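If you want the building blocks of each chain, they are given just below.
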Amino acid sequence: MKNQAILIFLLSVLLNQTESKIFEKCEFVKTLRSLEVPDNQLATWTCIANYESHFDTKAKNSNTGDYGILQLSHLYWCSDSNTPGGDCHTTCSQFLNDDIKDDVTCARHIYDVTQKQSGNGFSAWTTYNQHCKGDVSSFTSGC
């Protein structure tokens, strides 16, 4: 009976794992560059990822329903169900793995939509006004 409980526990741990990653700052910058994020936005995106998730791709805010390294909201951008939805036409769980291409694609879409609405695409993230507005060049320094 004890061995069964241990086996069930180990299987549940394995089934609940998704490939996730905690990026180093410069590794995140390099990944953004490879995804063709404009150089003049790298420091701000890196600052946002730092304050939103501490560069953790598996970050999930149970209070706000924000997902992934850039904390993308289920309210507008993705679906909590298994059916793709939201304005990024995907499931929120897709933002919880180590491949951040879809996160960045959605974040850039959010940026573009917000840029058209407010004139500042980064204002979609609350951490921008609190921590990432102004000179954030230290987030790409040495990278």
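The rules behind each value
- Residues numbered from 1 in each chain as written.
- Predicted model: local features only at pLDDT ≥ 70, side-chain atom pairs only at ≥ 80, totals over all residues.
- Heavy atoms only, no water.
- Phe/Tyr/Trp six-rings, centres within 6.5 Å; stacked < 30°, edge-to-face > 60°.
- Helix = DSSP H or I, 4+ residues; strand = E, 2+ residues; numbered from the N terminus.
- Buried < 20%, exposed > 50% of the residue type's maximum accessible area, 1.4 Å probe, protein only.
- Salt bridge = Lys/Arg side-chain N within 4 Å of Asp/Glu carboxyl O.
- Disulfide = S-S within 2.5 Å.

A.B. asks: Explain the packing of aromatic side chains to me, and be specific about the residues and the numbers.
C.D. replies: Given two aromatic rings, one states the distance between the centres and the angle between the planes to describe the pair. Scanning all chains against the criterion turns up 9 aromatic pairs. Taken together, a centroid distance of 5.0 Å and an interplanar angle of 70° make the contact between Trp45 and Phe122 edge-to-face. Highlighted residues: Trp45 in helix 3 (residues 39-53) and Phe122 in the loop between helix 4 (101-118) and helix 5 (126-132), separated in sequence by 77 residues. The pair formed by Trp45 and Phe122 is uniform in burial state, with each residue classed as buried. Three or more aromatic residues link up through ring pairs in this structure, and these residues are Trp45, Tyr111, Phe122, Trp125 and Tyr128.

A.B. asks: Describe the pattern of salt bridges, naming the residues involved and giving the relevant values.
C.D. replies: Under the criterion given, the structure shown has 2 salt bridges. Note that Glu27 is salt-bridged to Lys21, the shortest N-O span being 2.6 Å. You can call Glu27 partly exposed: its relative accessible area is 28%. For Lys21, a relative accessible area of 31% translates into the label partly exposed. Ionic pairing is found between Asp39 and Arg33, a salt bridge with its closest N-O pair at 4.0 Å. With a relative accessible area of 38%, Arg33 lands in the partly exposed category.

A.B. asks: Please set out the state of the cysteines residue by residue, giving values where relevant.
C.D. replies: Counted under the stated rule, the structure contains 4 disulfides. Paired through a disulfide, Cys26 and Cys143 show a sulfur-sulfur distance of 2.0 Å. The sign of the S-S torsion, about -75°, decides the handedness of the disulfide formed by Cys26 and Cys143: left-handed. Of the two residues, Cys26 sits in helix 2 (residues 25-34) while Cys143 sits in the segment after helix 5, which places them 117 residues apart along the sequence. Given the relative accessible area of 31%, Cys26 is considered partly exposed. Looking at Cys143, the relative accessible area reads 31%, which means it is partly exposed. Paired through a disulfide, Cys88 and Cys106 show a sulfur-sulfur distance of 2.0 Å. Taking the torsion about the sulfur-sulfur bond, which here is approximately 85°, the covalent link between Cys88 and Cys106 counts as right-handed. Of the two residues, Cys88 sits in the loop between strand 3 (72-73) and helix 4 while Cys106 sits in helix 4, which places them 18 residues apart along the sequence. Note on accessibility: Cys88 and Cys106 belong to one class, buried. Of note for the chain: the bonded cysteines, numbered N- to C-terminal, pair according to 1-8, 2-7, 3-5, 4-6.

Functional significance is not addressed by these values, which are geometric in nature.
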